[in-house]
Amino acid sequence: MSDHLMNTYNRQPVTFTRGEGVWLWDIAGEKYLDALAGVAVNGLGHAHPKLVKAISEQASRLIHTSNIYHIAEQAALADKLCEISGMDKVFFCNSGCEANEAAIKLARLYGHHKDIQAPEIIVMDKSFHGRTMATLFATGSRKVQAGFEPLVSGFVRVPYDDIEAVKQVASRNSSVVAILVEPVQGEGGINIPGGVYLEALREICDAHGWLLMLDEVQTGIGRTGTWFAFQHTAVMPDVMSLAKGLGSGVPIGACVAKGKAAEVFTYGKHGSTFGGNPLACVAGLATLKAIEEEGLCENSTKIGDFIRAGFEAEFKNTKGIIAIRNAGLMIGIELDRPCGDLVNSALKAKLLINVTADNVVRLLPPLVMSEDEAKELVSRLSLLIKTFLA
Ligand SMILES: *Cc1c(COP(=O)(O)O)cnc(C)c1O
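Residues numbered from 1 in each chain as written. Predicted model: local features only at pLDDT ≥ 70, side-chain atom pairs only at ≥ 80, totals over all residues. Heavy atoms only, no water.

The seven strands are arranged β4-β10-β9-β8-β7-β5-β6 in an open sheet whose pairing can be described as mixed. At either margin of the open sheet sits one strand with a lone partner, and together these are β4 (89-93) and β6 (155-158). With strand direction ignored, the average angle separating the axes of adjacent strands in the sheet is 20 degrees. As judged from the three bridges shared by strand β5 (residues 120-124) and strand β7 (residues 176-181), these two strands associate in the parallel manner. (Pairing = 2+ DSSP bridges. Helix = DSSP H or I, 4+ residues; strand = E, 2+ residues; numbered from the N terminus. Axes fitted to C-alpha atoms, helices over the stretch in contact; angles between N-to-C directions.)

In structure tokens:
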């Protein structure tokens, strides 16, 4: 503990020193089941041998040069991301909010190219896009914005999963240039939209010449059972932001674009000192390779559905459970009351979970979780939730 850290986090009273797969050990040697994976970051679990080998070798060769020079690892990762997504071009940065900042800048520039002087972007209630100034005001939560006014303008907010609301904006507002949306809302409470939501948004974007920009920072890199959540549909986005799972803990973000959107940024319009450095890109390449070799997208679907079925069986006669939702290994259990205290009782039971949107238990386990480990998770957590609700 240090008195010299700014108070931006309400930290759990635990310090980890070592990890392996879905397990973590604290300084006292106690073993914990990690069902949060650093908030959707450690898809490969902890200390995955292929990742450790790749980044150790790269670190001993070269960590950073500069985007002033060609970076072979960056080019290789851009090629791989475009191959698995069907997108065309990538800008690398270091985090999710930066990936969204790039997307927001790209959309504004796209608008100015169309002679729209004050371009606006449609964003959603309950969304989360990051903590920088622009992404803060794109985020649909007054709580995170309060105190940071004056707000960054240029965002029009509508309810999530509400096509009529988007159509109404389209009919009266001629300065909209893009929609920024999460395919599944993470921080907002694991909110999964109805079946044709993305298709309908795509249609509206096409009819008005808007960019469809998907924030896949949490849903991307295998989390929902496909490389990217949009791949559950026939929709292609114009822009997609990535981060969290991409580097398995080595900071990296990416703004990925297709077609006309891929040509918007030209020389001098955006940049990043660290973005796409050799170490981060090797972490990204090793992550994608391991997911492919070990069938982890498929495992995400299999284990995610297994966990949901497990909770459905456990909670069949439990009052207080409103819904159990999952998209692969993005899992939410909505309770009828605020349940932040569950994080503490879970920690005491050597289980790492998260509560979001006040009353939703959120699980984002490593993609490498086995069926036995999933059983352990379901039994530990359902006991805690039943005790909490009793
Ligand atoms: C976590 C998250 C972000 C912000 O990512 P940072 O790396 O913390 O800046 C943005 N969008 C979504 C959907 C996220 O889950």
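For the pair helix α2 (residues 49-61) and helix α9 (residues 278-293), the least separation of the axes is 9 Å and the interaxial angle reads 155 degrees. Compared by their axis directions, α2 and α9 come out roughly antiparallel. Where α2 crosses over α9, the handedness of that crossing is right-handed. Here α2 contributes Lys50, Leu51, Ala54, Ile55, Gln58 and Ala59 to the contact with α9, which in turn contributes Pro278, Leu279, Val282, Ala283, Ala286, Thr287, Ala290 and Glu293. (Parallel < 35°, antiparallel > 145°, perpendicular 65-115°, else oblique. Left-handed = near helix turned anticlockwise from the far one by under 90°. Contact = heavy atoms within 4.5 Å.)

Mapping leucine 367 onto the fold places it in the loop between β15 (360-363) and α12 (371-389). Note: C-alpha distance between leucine 367 and isoleucine 291 (76 residues apart in sequence) is 8.4 Å.

Here the focus is the pattern of salt bridges. Across all of its chains, the model carries 17 salt bridges by this definition. In this structure, arginine 142 engages glutamate 149 in a salt bridge whose closest nitrogen and oxygen atoms are separated by 2.9 Å. We classify glutamate 149 as partly exposed; its relative accessible area is 38%. Shared partners join several salt bridges into a network, and the residues in it are Lys50, Lys289, Glu293 and Glu294. (Salt bridge = Lys/Arg side-chain N within 4 Å of Asp/Glu carboxyl O. Buried < 20%, exposed > 50% of the residue type's maximum accessible area, 1.4 Å probe, protein only.)

Volume-wise, the second largest pocket comes out at about 860 Å³. Gln74, Val90, Phe91, Phe92 and His270 are, among the 31 residues lining the second largest pocket, the residues nearest its centre. When residues of the lining of the second largest pocket are traced back to their parent elements, those giving at least two are α3 (72-85), β4 and β10 (253-257). Here the lining of the second largest pocket takes five residues from α3, the largest share from any one element. In the lining of the second largest pocket, the residues fall into 17 nonpolar, nine polar and five charged. (1 Å grid on protein atoms, 1.4 Å probe; cavity = no way out; pocket = protein on both sides within 12 Å on 5 of 7 lines; lining within 4 Å. Points joined across faces, edges and corners; volume = space filled by probe spheres on them. Nonpolar A, V, L, I, M, F, W, Y, C, P; charged D, E, K, R; others polar.)

Close contacts around the ligand come from Ser95, Gly96, Cys97, Asn100, Phe128, His129, Gly130, Glu182, Asp215, Val217, Gln218 and Lys244, and that covers them all. Between the ligand and cysteine 97 there is a distance of 2.7 Å, counted from an oxygen atom to a backbone nitrogen or oxygen. Here an oxygen atom of the ligand sits 2.6 Å away from a polar atom, N or O, in the side chain of lysine 244. Protein chains bury 82% of the 380 Å² of accessible surface belonging to the ligand in isolation. By residue number, the principal contributor to the shell around the ligand is helix α4 (residues 96-113), which donates three residues. In terms of residue class, the shell around the ligand is made up of three nonpolar, six polar and three charged. (Near = heavy atom within 4 Å. Polar contact = N/O pair within 3.5 Å; in protein donor to acceptor, adjacent residues only side chain to side chain. Areas by Shrake-Rupley, 256 points an atom, 1.4 Å probe, with all protein chains shown as cover.)

With six of its six residues buried, β7 lies for the most part within the structure. Here β7 runs beside strand β8 (residues 211-215); their pairing, made up of four bridges, is parallel. Counterpart to alanine 178 in the pairing with β8 is leucine 211.

Between its terminal C-alpha atoms α9 stretches 22 Å, which fits the 22 Å expected from 16 residues at 1.5 Å a residue. Within α9, 12 of the 16 residues are buried, leaving the element largely enclosed by the surrounding structure. Every buried residue of α9 is accounted for by Pro278, Leu279, Ala280, Cys281, Val282, Ala283, Gly284, Ala286, Thr287, Leu288, Ala290 and Ile291. Buried positions along α9 lie against α2, α3 and α10 (296-314). For α9, the N-terminal cap is asparagine 277; the gap from its side-chain oxygen to the backbone nitrogen of leucine 279 is 3.1 Å. Where α9 terminates, the next one or two residues include glycine 295, which has phi positive at roughly 60 degrees. (Expected span 1.5 Å × (residues − 1).)

On to helix α8 (residues 197-208), then. For α8, with 12 residues, the first-to-last C-alpha span of 17 Å sits near the 16 Å given by 1.5 Å per residue. Those residues of α8 lying buried are Tyr197, Leu198, Ala200, Leu201, Arg202, Ile204 and Cys205. Of the residues trailing α8, glycine 209 is marked for its positive phi of about 70 degrees.

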